[in-house]
Amino acid sequence: MEGIAIVGMACRYPDARTPGELWENVLARRRAFRRIPPERLRIEDYLTADAADPDGLYATEAAVLEGWEFDRVRFRVAGPTFRSADLTHWLALEVAAQALADAGFPDAEGLPRDATGVLLGNSLTGEFSRANLLRLRWPYVRRTLAGQLAAEGWDEGRIAGFLARMEPDYKAPFPAPMEETLAGGLSNTIAGRICNHFDLHGGGYTLDGACASSLLAVANACSGLAAGDLDAALAGGVDLSLDPFELVGFARTGALAPGEMRVYDAHSAGFIPGEGCGFVVLMREGDAERLGCRIYAVLRGWGISSDGHGGISRPEAEGQKLALARAYRRAGFGIETVGYFEGHGTGTAVGDAAELTALTTARREAAPDAPLAPIGSIKGNIGHTKAAAGVAGLIKATLAVHAQVIPPATGCERPHPWFQGPEAALRISDRGEPWPPGQPLRAAVSAMGFGGINAHVVIEGAPAPSRRSLPARERDLLASWQDAELLLLAAADTESLAVRAERLAETAARLSRAELADLAAALQRELEDGPARAAVVAGRPAEAAERLRLLAARLRGGDTVHLDPRHGIFLGAGNRGMRGRRIGFLFPGQGAPSHLDGGLLHRRFEDLAGFYEDALLVDIHAAGVEDGIVDSVHTAVAQPAILAHSLAGLRLLDRLGLRAGVAVGHSLGEIAALHWGGALDAGSALRLAAERGKAMAAAASGNRAEGAMASLAADPATVEALLGPGAAIAAYNSPQRTVISGDQDAVEAASERARAAGIEVRRLRVSHAFHSPHMAAAGPRLAAELAAIPFRPLSRPVASTVLGSLLAPETDLPALLCGQLTSPVRFTAALAAADRVDLWIEVGPGRALSELAGEVLAAPAIPLDVGGPSIAGVLAAAGAAFALGVPVATAVLFEGRFTRPFDLDRPLKFLANPCEMAPVMGVLPLPASPRVRGEEKDKAEEARLPISPSPLWGEAGRGLLLTTPREVLRQLVAERAELPLDSVQDGSHLLSDLHLNSI
């Protein structure tokens, strides 16, 4: 059967104005989630801590459009017509026009108009038509108020006068009904409006299959084209519906994410809602080729099914399998040949499990030995756009086959159990990768919706040479994601710095997660030099806003230096030209996690990826493999891996300009310290760590008494009294943390005595009894290796944890490292010998040394956790050093990273719901509400509805705001039109001419 070609695409989704931007977001794993703007929905009115509250919400975030305004002049839409229709009509019309232009048919010129249809997915029109219905419900409001006022003792005349004054204010935000109001408030006329505008005669109608609507529109368009009923089709979906009807409704089903949205995750708990619109232009493949159209991909199969006896709102795997079977029967090939699945992926526990069950069983039944296929969902980037969700997934999958790239999955932290075990048929790609050579360019898209409806389509890429590697642009996009951002501030004085922090806090609170990255990049680019410096590290906009406010409070309180790694706040004023000695490096030992890959830093910084390849982490894996399982605790694996991470961290710090004046290495870390000090080159250090690990592993395996180690929360003198034969102190880590090592029985006996004395005991997860006589047998083998390594004189100060003092230039370093095997680690003494340090940086994996140093020193210690899943440690180290006056090369943190331009002075613009135009009581406490419970009630009452000073709302903090809706409209129109307030008598009609959606 002839395929259906996708010849044009267009979209407008949160953080994505075009398919190209959507694809950038997918590769860069940008997330468009933000706190719902108050002009769209004042979320405080609905928040509840009572799960049983029928009117309450527990979620606060959504993915919303920002900066979109419909150009009614371009589309020749009269003001009354514009005001009469829901905004879904205008968004769909605009995106449809863009799709036609992308297909090579601008304004539908060149299309077979008589046989071009429009199939649009939509549910419930949009929230704006629902809001406008409130105007027509004034009689109900009037009667209710009259009855209540009468019960309060008001006479009829007073009631009548009050209601007469209230009626125009109540109705002001809502346009008066006119002859086009009914059509403009219906869903089925959205497609008709597109046909009307472009003079298309093939038929235009709306399909409502809930969250499967837009993919159903695509499937039905394909059927119409295959049957010859259509020669071209616009198919897609639109959804602008984030009002209480939908949000509270989803909350009642438990479908909204209470916090993080996780897709195909072991802890999936719901979705974050979104909005937007997408269209594809479809033609039969032969017609598209004959007309010379660009073909993005070809739809080969499509299938639709229902769950039957399955629940109305609970998806069923068996129903979905029917849609799969029908799609692949039509396609003429099996599901096992598909190289990528773009799933529905709501992030709900039930939905994800049902979908993964259906796809896994279908693939296993088709070909049990087929390779694992990657799966992802666009909802991890833009939320659940409901009726517009399926076509968003189709656009993403189409661009994946067109670019021959397996996109990374966004929003999956701990993959679902269905990805584990021998029966698994799917996998999560967390990095993105080239399409496997020789594998068909085939992808599939699924959607499902309330009512038990399922849709599945299969696409195939146009024939093209296989790409063996990714171009630099795509590599940069794939390397751009990180879990935290660094916000840099500088000013001439602390007062200016406080003002800047306060303004940025207001901005950050309204940003999406993706825009927080854009803000960070903009701040770095526009950074001005100044003696007052500060930095904030945050993972989310709300966290950034909170920390910026705390920073401002510190400044207002008179602080000039404040380094707080735990809260990501760093402040310095008047610091210039810091001497290098004021930074110290800590290098961890084998107690650190071994992290058997480069982690997030390996992906973010391309030069580190090359270093890890040179460090041969693959060989490190092989050193501890037994029965196909890598033992990351195995000494021969852990030691070279930990050292490789320390050396990688040093490379990055050097690029950033963060250079220390002294270093301390804990046990194994002393090798890294000696490398930093100039005694060893990187290759020798790595070889020495590998041989040290092998020698210690061999020595321990030959020791007949099995060894163990434990950390006791007590001072060395107390611990010494608890020890018996066979156990000794292995590390003096802090005044209240001492490590013992030796025979397992002896260590356990000492631990039991400690517990009996009320001392906390923690068994260490190590493979052998280090720094004890157990390691003596490793000495000869290590000495032989040391003899072959060329040592150079130290050129930088190293405080040795073997001696507990600074190393002298004449120190016999091979003898020191041999003696280290059985000697205790004198970490506390080494810290003291390092003398005056203002900032410690733990260079390597983990954070153990930073925590220990925090028990001993006043200066903060920041762990990089190189090889771990976060960049926050690196950002904190850079931010702290920047605040202290170090000339940090902060541009390195943004080199090659994809961010979008961010104008710090441009106000953010969101769609505004007229129901949110009612005045807010600025300082009155919230009335007691049965839906506000416990902590949420306390927070709500204490908040007292803070409002930023604004010409629109008046100044907060000056009592009850008496601004009426009509006065609000006057002021708003004056601001938007740049008119004197006195010249605007009434804003109820002018407001729509200025685009209500741009407020």
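So, a few notes on the structure that sits alongside this text.

Conventions adopted
Residues numbered from 1 in each chain as written. Predicted model: local features only at pLDDT ≥ 70, side-chain atom pairs only at ≥ 80, totals over all residues. Heavy atoms only, no water. Helix = DSSP H or I, 4+ residues; strand = E, 2+ residues; numbered from the N terminus. Buried < 20%, exposed > 50% of the residue type's maximum accessible area, 1.4 Å probe, protein only. Contact = heavy atoms within 4.5 Å. Areas by Shrake-Rupley, 256 points an atom, 1.4 Å probe, with all protein chains shown as cover. Expected span 1.5 Å × (residues − 1). Axes fitted to C-alpha atoms, helices over the stretch in contact; angles between N-to-C directions. Parallel < 35°, antiparallel > 145°, perpendicular 65-115°, else oblique. Left-handed = near helix turned anticlockwise from the far one by under 90°. Nonpolar A, V, L, I, M, F, W, Y, C, P; charged D, E, K, R; others polar. Core = buried A, V, L, I, M, F, W, Y, C linked by side-chain atoms within 4.5 Å. Salt bridge = Lys/Arg side-chain N within 4 Å of Asp/Glu carboxyl O. Phe/Tyr/Trp six-rings, centres within 6.5 Å; stacked < 30°, edge-to-face > 60°. Lys NZ or Arg CZ within 6 Å of the ring centre and 35° of its normal. Patch = residues over 30% accessible without salt bridge, like charges linked within 9 Å, V, L, I, M, F, W, Y side chains within 5 Å. Lys, Arg positive; Asp, Glu negative; His and termini not counted. Charge placed at Lys NZ, Arg CZ, Asp CG, Glu CD. Pairing = 2+ DSSP bridges. Right-handed = clockwise from strand over helix to strand, strands pointing away.

**A look at the overall build of the chain**
Then, in step 1: Counting its regular elements, the chain contains 35 helices and 31 strands.
Then, in step 2: Residues counted as buried form 58% of the 999 residues belonging to the chain.
Then, in step 3: Contacts in the chain between residues at least 24 apart in sequence constitute 78% of all its contacts with a sequence separation of at least 6.
Then, in step 4: Per element, the accessible surface of the chain, about 38,800 Å² overall, is 53% carbon and sulfur.

**A closer look at helix α19 (residues 541-556)**
Then, in step 1: A rise of 1.5 Å per residue sets the reference length of α19, with its 16 residues, at 22 Å; its end C-alpha atoms lie 22 Å apart and thus fit the reference within 8%.
Then, in step 2: Residues of α19 that are buried sit in contact with β16 (485-491), α17 (494-509), α18 (513-525), β17 (532-538) and β19 (569-573).
Then, in step 3: In the stretch just after α19, Gly558 is the one whose phi turns positive, near 100 degrees.

**Side note on helix α10 (residues 244-253)**
Then, in step 1: Three or more residues of α10 are buried, namely Glu246, Leu247, Val248, Phe250 and Ala251.
Then, in step 2: Contacts from the buried residues of α10 go to α4 (127-136).
Then, in step 3: Within two residues after α10, Gly254 carries a phi angle of roughly 75 degrees, on the positive side.

**So, the side chain of Gln820**
Then, in step 1: Along the polypeptide, Gln820 turns up in helix α29 (residues 813-820).
Then, in step 2: Overall, Gln820 belongs to the buried group, its relative accessible area being 2%.
Then, in step 3: Other than its neighbours up to four places away in sequence, Gln820 contacts Ser667, Leu668, Glu670, Arg692, His771 and Val802.

**Topic: the packing of helix α23 (residues 635-656) against helix α24 (residues 669-676)**
Then, in step 1: Contact geometry for α23 and α24: axes closest at 9 Å, N-to-C directions at 30 degrees. Taken together, the axes of α23 and α24 lie roughly parallel to each other. Seen from above, α23 lies across α24 with right-handed handedness. Residues Leu643, Ser646, Leu647 and Leu650 of α23 lie in contact with α24, whose contacting residues are Ile671, Ala672, His675 and Trp676.
Then, in step 2: For the contact of α23 with α24, the per-class residue count stands at six nonpolar, two polar and no charged.

**Some thoughts on the nonpolar core**
Then, in step 1: One finds Tyr328, Phe341, Phe585, Trp840 and Ile841 to be the most contacted residues of the largest nonpolar core, which totals 179 residues.
Then, in step 2: With 10 residues, α23 is the single largest residue contributor to this core.
Then, in step 3: Contact partners of Tyr328, with chain neighbours within four places excluded, come to Phe333, Gly334, Ile335, Val338, Phe341, Ala444, His456 and Val458.
Then, in step 4: In this structure, Val26, Ala235, Ile378 and Leu399 belong to the second largest nonpolar core, which totals 59 residues.

**So, unusual backbone geometry**
Of all residues except glycine, most have a negative phi; of all peptide bonds, most are trans.
Then, in step 1: Phi is positive for Ala210, close to 55 degrees, though the residue is something other than glycine.
Then, in step 2: In the Ramachandran plot, His771 falls in the positive-phi region, its phi being about 55 degrees despite a non-glycine side chain.
Then, in step 3: In this fold, His771 is placed in the loop between β27 (761-763) and α28 (779-787).

**Considerations on the packing of helix α5 (residues 138-151) against helix α6 (residues 156-171)**
Then, in step 1: Closest axis-to-axis distance for the α5/α6 pair is 11 Å, and the angle between their directions is 145 degrees. Crossing of α5 over α6 shows right-handed handedness. Contacts between α5 and α6 pair Trp138, Val141, Arg142, Leu145, Ala146, Leu149 and Ala150 from the former with Ile159, Phe162, Leu163, Met166, Glu167, Tyr170 and Lys171 from the latter.
Then, in step 2: Across the contact of α5 with α6, the residue classes break down as 11 nonpolar, no polar and three charged.

**So, the pattern of salt bridges**
Then, in step 1: In the structure shown here, the tally under the stated rule is 55 salt bridges.
Then, in step 2: A salt bridge links Arg540 to Glu260, with the shortest nitrogen-to-oxygen separation between them at 2.5 Å. Here Glu260 lies in the loop between α10 and β7 (276-284) and Arg540 lies in the loop between β17 and α19, a separation of 280 residues in the sequence.
Then, in step 3: Shared partners join several salt bridges into a network, and the residues in it are Asp15, Glu24, Arg30, Arg473, Asp518 and Arg900.

**Details of the environment of Pro541**
Then, in step 1: Here Pro541 shows up in helix α19.
Then, in step 2: You can call Pro541 buried: its relative accessible area is 5%.
Then, in step 3: Pro541 sits 31 residues away from Arg510 along the chain, and the two C-alpha atoms are 7.4 Å apart.
Then, in step 4: Pro541 has contacts with Ala508, Ala509, Leu511, Ser512, Arg513 and Leu516, leaving out every residue within four places of it along the chain.

**Remarks on the packing of aromatic side chains**
A ring pair, where both rings are aromatic, is described by two values, the distance of the centres and the angle of the planes.
Then, in step 1: On inspection of all chains with the given rule, the structure shows 13 aromatic pairs.
Then, in step 2: Ring centres of Phe250 and Phe271 lie 5.1 Å apart, and the angle between their planes is 80 degrees; this geometry places the pair in the edge-to-face category. Linking Phe250 in helix α10 with Phe271 in the loop between α10 and β7, this pair joins segments that are 21 residues apart in sequence. Like Phe250, the residue Phe271 is buried in the burial classification.
Then, in step 3: Put simply, the rings of Phe70, Phe75, Phe82 and Trp90 pair up and form one aromatic cluster.
Then, in step 4: In this arrangement the basic side chain of Arg158 is found over the ring face of Trp154, its NZ or CZ atom lying 3.8 Å from the centre.

**Some details on a negative patch on the surface**
Then, in step 1: Taken together, the side chains of Glu526, Glu528, Asp903 and Asp905 make up a negatively charged region of the molecular surface.
Then, in step 2: Since its relative accessible area comes to 41%, Glu526 is described here as partly exposed.

**Quick look at the sheet that holds strand β5 (residues 204-207)**
Then, in step 1: A sheet is described by the order of its strands in space; here 11 strands give the open sequence β5-β4-β6-β7-β1-β8-β15-β14-β9-β10-β12, paired in mixed fashion. Edge positions in the sheet fall to β5 and β12 (426-427), since each has one partner strand and no second.
Then, in step 2: Looking at chain direction, strand β8 (residues 297-306) and strand β15 (residues 453-461) are connected through nine bridges and run antiparallel. If you follow Ala297 over to β15, its bridge partner there is Gly461.

**A few points about the sheet that holds strand β31 (residues 861-863)**
Then, in step 1: As summarised here, the arrangement of the six strands in space is β29-β28-β23-β20-β30-β31, forming an open sheet in which the pairing is mixed. Looking at strand neighbours, the two that pair on one side only are β29 (805-806) and β31, the edges of this open sheet.
Then, in step 2: Where strand β20 (residues 583-587) lies against strand β23 (residues 662-665), four bridges are found, and the strand directions are parallel. Looking at the pairing, Phe585 lines up with Ala663 of β23.
Then, in step 3: Each of β20, β23 and β28 (798-800) is contacted by α24, which is oriented at about 160 degrees to β23, the strand it contacts most.

**Focus on the environment of His645**
Then, in step 1: Structurally, His645 is set in helix α23.
Then, in step 2: Residue classification places His645 among the buried residues on the basis of a relative accessible area of 0%.
Then, in step 3: Spatially, the C-alpha atoms of His645 and Ala615 are 9.4 Å apart, while their sequence positions differ by 30 residues.

**Thoughts on the environment of Ala367**
Then, in step 1: Mapped onto the secondary structure, Ala367 falls in the loop between α13 (349-366) and β10 (373-376).
Then, in step 2: Given a relative accessible area of 17%, Ala367 falls into the buried group.
Then, in step 3: Through-space distance from the C-alpha of Ala367 to that of Ile335 is 8.7 Å; in sequence the pair is 32 residues apart.

**Here's the deal with the pairing of strand β30 (residues 839-842)**
Then, in step 1: Residue alternation in β30 divides its side chains into two sets, Leu839 and Ile841 and Trp840 and Glu842, and both sets are buried.
Then, in step 2: With four bridges connecting them, β20 and β30 associate as parallel partners. In the sheet register, Leu586 faces β30, and the bridge partner there is Glu842.
Then, in step 3: Crossover connection from β30 via helix α31 (residues 848-854) to parallel β31: handedness right-handed.

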